[in-house]
Each structure stands twice: as structure tokens, then as C-alpha cells.
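Residue strings, one per chain:
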Amino acid sequence: MSSKNKTLGEFIIENQTEFRYSTGELSKLINAIRLAAKVVNHEVNKAGLVDILGTAGDTNIQGENQQKLDVLANEKFIQTLKNREIVCGIASEEEDDFISINSQDENHQNKYVVLIDPLDGSSNIDVNVSVGTIFSIYRRITPVGTPVTLDDFLQPGKNQVAAGYIIYGTSTMLVYTTGHGVNGFTLNPAIGTFYLSHPNMQFPEDGKIYSVNEGNYIHFPQGVKDYIKYCQKEEGDRPYTSRYIGSLVSDFHRNMIKGGIYMYPKSSKAQKGKLRLLYECNPMAFLAEQANGLASDGHQRIMEIQPTELHERVPFFCGSKNMVEKAEEFMAKS
Ligand code: AHG
Ligand code: MN
Ligand code: MN
């Protein structure tokens, strides 16, 4: 069968044996995410037709305005995962605290916790520009059958068993890894099925695109300023091209296909940058490393960081190997 004819459902079944001691639980969980992706995709595509644009009138725990679609995507994902009784806990960028599932049920044997950024790039919603969803899956570290605790969520990214994103773009794609490379599936909206369209995705080792919010330039550390100047310098294959969508999922997706670096550095205004370690950086770092790229906080590997709180932020440099290494070089110098 050509890869283009293979559905995500078939792919999940075929690859189930990749996990040692697999009981099919992780496969079921990825299936539940596939379903949630379709539900959210349906909602995102209605934006503009029904009253789901604009702010919901509330702020999340990080003081950011919640968009209506943020709230909706959050509800849909949590509901789908809860209905399928497939995880023991969920943490979401849009929730103050983690959610424990079936914690009263002593027979509850689910091993996995899921962390989600239900709607990434929410400032793009009202202007019809690509947005995404990011997910990250860990095995719990506390005993099965007991209520999950914060420790189950505060694991370093290297413990992830799976991670991925959905991009609601010109087409809708689900891209994920279980530690055996990165595969991308495109939704055929007419029949509601994801097909394997991008097998074994890889970052080119070198790239020519840099993605950063240059409006914050004045506030960046000197090493970052120097690297940006390096990207802009007329020399060899430079200057590079600047592309910034303002949705990590979309910027990452483009850079993985074309070769590039995404940066959200710390600044004099935000000492730890903006992106969230657990919901955004760790899953993207896992994908990047599985696709021959790198992810760093400027000095160390993202996936080595021991988180201390759910909504922790971290500076983020991610993409083509040689570009991330070059950016780190500039930061080490200054
Ligand atoms: P979210 O919509 O989940 O809050 O994430 C937005 C993030 C990220 O996706 C994007 O790259 C970045 O914030 C954009 O921030 P700036 O507007 O500060 O550039
Ligand atoms: Mn986000
Ligand atoms: Mn979000």
C-alpha cells in the first residue's frame, strides 16, 4: 500500500508493537486525540460563521485574555479524553490546576497523563491565520489506581512517551512522534479521515529561515541580538529570510519542512520568555529531536529541564541543528 493511502488508524495499529510491554493503551489514547482533533477542526473551520470569534471575557491563570475558541478547544479536548476514560490526568494551559480523572475509582488502571495547549496562536484566530493544538503524553510515576499528583506532570521532557500537534492551516494535519521518528497525517475533510502524507519528517540540517518577534529586539539579550545580526548579514548563504506567524505550531511546521529556527528568547520584560515548558516547549522539543533538529533554552537541552511548576515558562530556540547550535554559540559568547 502506498503511504498516501494509509490512514492514521491503520498506522497506529501497525506501529503498536513499537512500544515495549504495549497493552494498546497508548494507541487508544492517540486515537482519542485523533477524534478530539477532528472535533476542534470542525469548530475552528466554523469561525466567522457562528459566534465563536473574539474574547471570552475571562483571563487564564497566566493573565492572558482567553479567546472563545481557546475555551471551546479546551472543553472539547478534555471532554473527549474524559469520555473515553483513557487517561488518569490532564493538564491544560487554560486550566489553573491539573485534572484528576476517576481518582475515586480504585480499579482505574490508566497509566498516562496528557498535557495540552488546546489552541496555540490564538491571536491569529480572528484574522483567519493558522492555529494549532499541542499535546504531550507521559507515563504517570505514582502508582496506578491512586489519584494523580503534581509530580506526575512535573517530569522532564525526556520522559515523554509521545507528543505532537495539530495544525489547522490550509489543510488540517496531525503530526506526532512516539520516539520512533515523526510522521504527518493530512485530514481529508470530505470523509473525516487522516492519511499519512508526510512519512518520516526531518528538519534539514541547515536552514535559511529565522522566526522571532523582532518587535522585542531592543529587550533581547546581547547574544540573541548578535545572532539576529548574523542572520541578516550579507555573507555566504545569508542574509536569511525572516518569517514569523505568531503561532509556534505553524512556525515550527514550516521550519521543519523548509529548514529554519524558531526563537522566543527571554527579554528584559520577560525573564523566562513567554512559552510554556510543559505545554509548548517539551512536546515541540521531542518532535524536533525526533526529526533531526534541536531544542534548547539557549544554553541547555530543553528536555533535560526539571520543571518546578505547571505553567512554567522558558526561553526557546528550536529547529535545524546547525542553526540552533550557531545561536547557542552566540549566546555563550556574550
Ligand atoms: P498561545 O496562543 O497558546 O498563548 O501561544 C502563543 C505563543 C506561540 O504560539 C507564539 O509563537 C507566541 O506565543 C507569539 O507571541 P508574541 O505575540 O509575543 O510574538
Ligand atoms: Mn501556545
Ligand atoms: Mn494556547
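As named in an unreviewed UniProt entry, the chain is Fructose-1,6-bisphosphatase class 1, taken from Flagellimonas spongiicola. A UniProt comment under Catalytic activity (unreviewed entry) is attached to the chain, and it reads "beta-D-fructose 1,6-bisphosphate + H2O = beta-D-fructose 6-phosphate + phosphate". Recorded under Subcellular location (unreviewed entry), the UniProt text for the chain is reproduced unchanged: "Cytoplasm".

Peer 1: Explain the coordination of the manganese ion (ligand 3) to me, please; I cannot follow it from the model alone.
Peer 2: Under ideal tetrahedral coordination, the four donors around a metal are separated by 109.5 degrees; under ideal octahedral coordination, the six donors are separated by 90 or 180 degrees. Protein coordination at the manganese ion (ligand 3): the donors are Glu-93 (OE), Asp-117 (OD) and Leu-119 (O), at 2.2 to 2.3 Å from the metal. The sequence motif formed by the donor residues of the manganese ion (ligand 3) is E-x23-D-x1-L. In this model, the manganese ion (ligand 3) sits 3.7 Å from the manganese ion (ligand 2), the two metals being bridged by Asp-117. Here Glu-93 is found in the loop between strand S3 (89-92) and strand S4 (99-100), whereas its partner Asp-117 is found in strand S5 (residues 112-120), with 24 residues between them in sequence. The class for Glu-93 is buried, based on a relative accessible area of 4%. Under the relative-accessibility criterion, Asp-117 is labelled buried at 0%.

Peer 1: Would you mind showing me how to read the UniProt feature "domain: Fructose-1-6-bisphosphatase class 1 C-terminal" (unreviewed entry) in the chain here?
Peer 2: Within this numbering scheme, the UniProt entry marks residues 204-331 as carrying the feature "domain: Fructose-1-6-bisphosphatase class 1 C-terminal" (unreviewed entry). For residues 204-331, helix accounts for 37% and strand for 15%, while the C-alpha atoms at its two ends are 22 Å apart.

Peer 1: Would you mind going over the sheet that holds strand S15 (residues 316-320) with me for this structure?
Peer 2: The strands making up a sheet are joined through hydrogen bonds of the backbone, oriented either antiparallel or parallel. With respect to topology, five strands assemble into an open sheet ordered S12-S11-S13-S15-S14, the strand pairing being mixed. Two strands lie at the open edges of the sheet, namely strand S12 (241-242) and strand S14 (293-296), each paired on one side alone. Across three bridges, the pairing between strand S11 (residues 209-211) and strand S13 (residues 260-264) is parallel. Opposite Ser-211, over in S13, you have Tyr-262 as the bridge partner. Sheet strands in contact with helix H8 (residues 321-333) are S11, S13, S14 and S15, and its direction is about 145° off that of S15.

Thresholds applied
- Residues numbered from 1 in each chain as written.
- Chains lettered and ligands numbered in written order.
- Predicted model: local features only at pLDDT ≥ 70, side-chain atom pairs only at ≥ 80, totals over all residues.
- Heavy atoms only, no water.
- UniProt positions renumbered as here; feature names shortened; annotations may be inferred.
- Donors = N, O, S within 2.8 Å, 3.2 Å for Na, K, Ca; no water.
- Helix = DSSP H or I, 4+ residues; strand = E, 2+ residues; numbered from the N terminus.
- Buried < 20%, exposed > 50% of the residue type's maximum accessible area, 1.4 Å probe, protein only.
- Pairing = 2+ DSSP bridges.
- Contact = heavy atoms within 4.5 Å.
- Axes fitted to C-alpha atoms, helices over the stretch in contact; angles between N-to-C directions.

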